[in-house]
Amino acid sequence: MAALLVRGVRAGDQGPLSRLSARERDVLALISRGRSNREIARTLMLGEQTVKSYVSSVLTKLDLQDRTQAAIFGLQQGVVALGDALKPDPD
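Residues numbered from 1 in each chain as written. Predicted model: local features only at pLDDT ≥ 70, side-chain atom pairs only at ≥ 80, totals over all residues. Heavy atoms only, no water.

1. Let's talk about the overall build of the protein
Scanning the protein from terminus to terminus reveals 5 helices and 0 strands. When burial is assessed residue by residue, the protein has 38% of its 91 residues classed as buried. The long-range share in the protein, meaning contacts at least 24 apart out of those at least 6 apart in sequence, stands at 63%. (Helix = DSSP H or I, 4+ residues; strand = E, 2+ residues; numbered from the N terminus. Buried < 20%, exposed > 50% of the residue type's maximum accessible area, 1.4 Å probe, protein only. Contact = heavy atoms within 4.5 Å.)

Given below as structure tokens:
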């Protein structure tokens, strides 16, 4: 499911998103949807500490200061459509 959140990002694409692994892009997409680390962990079936590590890696690779900047960046890059950012996940 999370892989579907990252639209139009392929391994060969240029730009800042190409610096991220597929899992980091999944985490960025969920941050852009306003999800907490706990929610991201549950969605991706990871431990919360693992999610924290991914968030830190995303921030470092994209030279961002915090998850708010990461969420804005993800929306600007079209990782998640603005209209979908705060919609609840379908069950």
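Read on for the rest.
2. Focus on helix α3 (residues 37-44)
Regarding α3, the residues found buried are N37, I40, A41 and L44. On an axial view of α3, the arc spanned by its buried residues comes to 100°, and they lie on one face. Opposite the buried face of α3, at more than 90 degrees from it, the exposed residues are R38 and R42. Remark: M45 follows α3 within two positions and exhibits a positive phi of approximately 55°. (Arc of directions from axis to C-beta.)

3. Re the pattern of salt bridges
A complete count under the given rule lists 4 salt bridges for this structure. Among the ionic pairs, K87 bridges to D84, the shortest N-O distance being 3.2 Å. According to the relative accessible area criterion, D84 is partly exposed, its value standing at 30%. (Salt bridge = Lys/Arg side-chain N within 4 Å of Asp/Glu carboxyl O.)

4. Some words on the nonpolar core
Counting residues in each nonpolar core, the largest one holds 21 residues, and the members touching the most others are L28, I31, I40 and L62. Secondary structure elements with two or more residues in this core: α2 (22-32), α3, α4 (48-61) and α5 (67-76). Per element, the largest residue contribution to this core is 5 residues, and it comes from α2. Those residues in contact with I31 that lie beyond four places of it in its chain are I40, V55, R67, A70 and A71. (Core = buried A, V, L, I, M, F, W, Y, C linked by side-chain atoms within 4.5 Å.)

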